[in-house]
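Here is what each chain is made of, one letter per residue.
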Amino acid sequence: RDAAAAEARDAGDDAAAYVEEVAGRARWAADRARALATDASARPVPARPIPRVHCSRLSLATFRREYVARKEPVVICGLGPHLTEDGERGDGLGWLTRHGANKKVAVTRDNAHVNSTLACADTEILNLGEHLARVLPLDAPNLPEDAKGFGSRDGDGTYLYDCAMPLKLPSLLNAVRVPRYFAHDFLQRTRDVHAFTASWPSLFVAAPHTKSSLHVDQWRGNFWMAMVRGTKRWTLFHDEDVPYLSPDYGRGTLDPAFPRMHVMDAAHASWRRRDANDAAAAANDDDDECGGNAAQGGTKETRDVCDSHPLLPYARRWDVDLGPGEVLFVPGGFPHVVHNLDVTCSFAGNFVDESNLDASLRDMKLLGAKYGSQMMRTHDAIDEVWFDPEDEVMVEECLEPRRLVVRYEDYLGGRAGRWGASDWDGIPDEE
């Protein structure tokens, strides 16, 4: 914190505000962690499953009120047959091959996408069809991570990660449908074009057992992901509980780095096993000392805190395996990590609405001051628009699933976000 404060004094006026904010967030995290560590009444919080709701029972208005506004993650089911032009056969990825097989993409090797800096040596430029030809056979069979031979097959550890379709694979845009739950995105409703006008949806195609790092999306953007093929194991944490995840602000960014999630989970699993063994040994000792009657003497104390990442169990946590045809909503600012359990294909996006507008604008302004005019222009493009709550179209009716997806051309510019219940201009039945 002292180093950050000194850097802020030496920085220019614009950059100083950014550095001071980083130092302030580091102080906040340290204070929260210290307060929890000295709170004798604190108790670990059990992980919760993310609820699943069928789209036919979830209106657009209810989604915004009950989940987005309240920062509650949710899995929306029932949209699978409508996410691509291939309908029920979307998981076969024919649509991806037809429209993108000969397009060049940057694929990372050996989970290199989790690194804060990505070297050219970690990336391979190849046709999307070549990437598919390498990863699809890895499901037959899908080897466990600890299996002999895992990691040595062609395609193991490769990941097409967060590839912006509008900018890099525009030929795919007519083949996918954006869930209408996110069509009200404020980023699409600006007068001026900005850095994120054409960033989403983005494409992910991953080999089995590739993972993301535990991270927070930039400028506290809300996030959604539509699964087309395979299963991703997601873990989310509440944004207010970042201090309990061993955050590291040393890299000087608004959002901290975190330890690897599997390392933290493994440390606590190992501790629980040791603790259980110690408790069993203590019980046996008491049996011996009390003539076989443990009730007479009680048990010895065991360790009650893991010595590695001790605050992790106190963070509010959600776990879910997101399968084909399901759509996940992640509230802005929530740290999250993903493990691809098999070959996966999905597309996703960030969005801004009334739930995170102020926080997003604040971070965009700081990022613009630190990194330059492009981010500042994005901030200004959004900030100049008055998003009047009275003007928002809140569709209260529950709609049939096929009316809950929109073409990219209707998502772009926010057109579909202004539709009412009967204004749907969707894909004709013959398509």
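## Some details on the environment of tryptophan 95
Now for step 1: Within the secondary structure, tryptophan 95 is located in helix 4 (residues 94-100).
Now for step 2: Tryptophan 95 sits in the buried class, given a relative accessible area of 0%.
Now for step 3: The sequence separation of tryptophan 95 and leucine 172 amounts to 77 residues, and the corresponding C-alpha distance is 7.9 Å.
Now for step 4: Ignoring anything within four residues of it in the chain, the contact list for tryptophan 95 reads Thr84, Glu85, Asp86, Gly90, Leu172, Ala175, Val176, Leu203, Val228 and Cys345.

## Comments concerning empty space enclosed by the protein
Now for step 1: Applying the stated rule across the entire model yields one cavity of 30 Å³ or more.
Now for step 2: Each pocket or cavity is described by its volume, and for the largest cavity that value is around 110 Å³.
Now for step 3: Considering the residues around the largest cavity, the lining is formed by 13 residues, among which Leu60, Arg180, His184, Val393 and Gly417 are closest to the centre.
Now for step 4: Here the residues of the lining of the largest cavity sort into eight nonpolar, two polar and three charged.

## Thoughts on the environment of aspartate 86
Now for step 1: Structurally, aspartate 86 is set in the loop between strand 3 (74-77) and helix 4.
Now for step 2: Owing to a relative accessible area of 10%, aspartate 86 belongs among the buried residues under this scheme.
Now for step 3: Once the C-alpha coordinates of aspartate 86 and valine 176 are considered, the two residues, 90 residues apart in sequence, prove to be 9.1 Å apart.
Now for step 4: Aside from chain neighbours lying at most four places away, what touches aspartate 86 is Gly94, Trp95 and Arg98.

## Regarding the nonpolar core
Now for step 1: Core analysis: the largest hydrophobic core is formed by 93 residues, its most contacted members being Phe63, Leu96, Tyr181 and Leu203.
Now for step 2: Among residues more than four places away in sequence, those in contact with leucine 96 are Ala101, Leu128, Leu132, Leu172, Leu203, Val205 and Cys345.
Now for step 3: Ile50, Met227, Trp318 and Phe334 belong to the second largest nonpolar core, which has 19 residues in total.

## Brief notes about the pairing of strand 3
Now for step 1: Of the two faces of strand 3, the one holding Val74 and Ile76 and the one holding Val75 and Cys77 are both buried throughout.
Now for step 2: Note that strand 2 (residues 52-54) and strand 3 share three bridges and pair parallel. Of the residues in strand 3, the one forming a bridge with arginine 52 is valine 75.
Now for step 3: With respect to chirality, the unit in which strand 2 leads through helix 3 (residues 60-68) into the neighbouring parallel strand 3 is right-handed.
Now for step 4: Strand direction decides the pairing type here: strand 3 and strand 12 (residues 327-330), joined by three bridges, are antiparallel. If you follow valine 74 over to strand 12, its bridge partner there is phenylalanine 329.

Rules behind the numbers
Numbers given for residues are sequential positions, taken from 1 along each chain in its written order. Only residues with pLDDT of 70 or above have their local features reported here, since the model is predicted, and side-chain atom pairs are shown and tallied only from 80 upward, although totals for entire chains, interfaces and linings are computed over all residues. Each side-chain value is worked out from all heavy atoms of the structure, with water and hydrogens disregarded. Only DSSP runs of H or I with at least four residues qualify as helices, and only runs of E with at least two residues qualify as strands; both kinds are numbered from the N terminus onward. Categorising residues by exposure relies on relative accessible area from a 1.4 Å probe, with only protein chains included: less than 20% of the type maximum marks a residue as buried, more than 50% marks it as exposed, and the intermediate range marks it as partly exposed. Residues count as neighbours in contact if any of their non-hydrogen atoms are within 4.5 Å of one another. Cavities and pockets are defined on a 1 Å grid built over the protein atoms alone: a cavity is a set of grid points where a 1.4 Å probe fits but cannot escape, while a pocket is an open set with protein on both sides within 12 Å along at least five of seven lines, and lining residues are those with an atom within 4 Å of any such point. Grid points are joined across faces, edges and corners, and a volume is the space filled by probe spheres set on the points. Each residue receives one of three labels: charged for Asp, Glu, Lys and Arg, nonpolar for Ala, Val, Leu, Ile, Met, Phe, Trp, Tyr, Cys and Pro, and polar for the others, Gly being one of them. For this analysis, a nonpolar core means a set of buried residues of the types Ala, Val, Leu, Ile, Met, Phe, Trp, Tyr and Cys, connected via side-chain atoms within 4.5 Å. DSSP calls a pair of strands paired once it identifies at least 2 bridges connecting them. By convention a crossover is right-handed if, when the strands point away from the viewer, the path from the first strand over the helix to the second runs clockwise.

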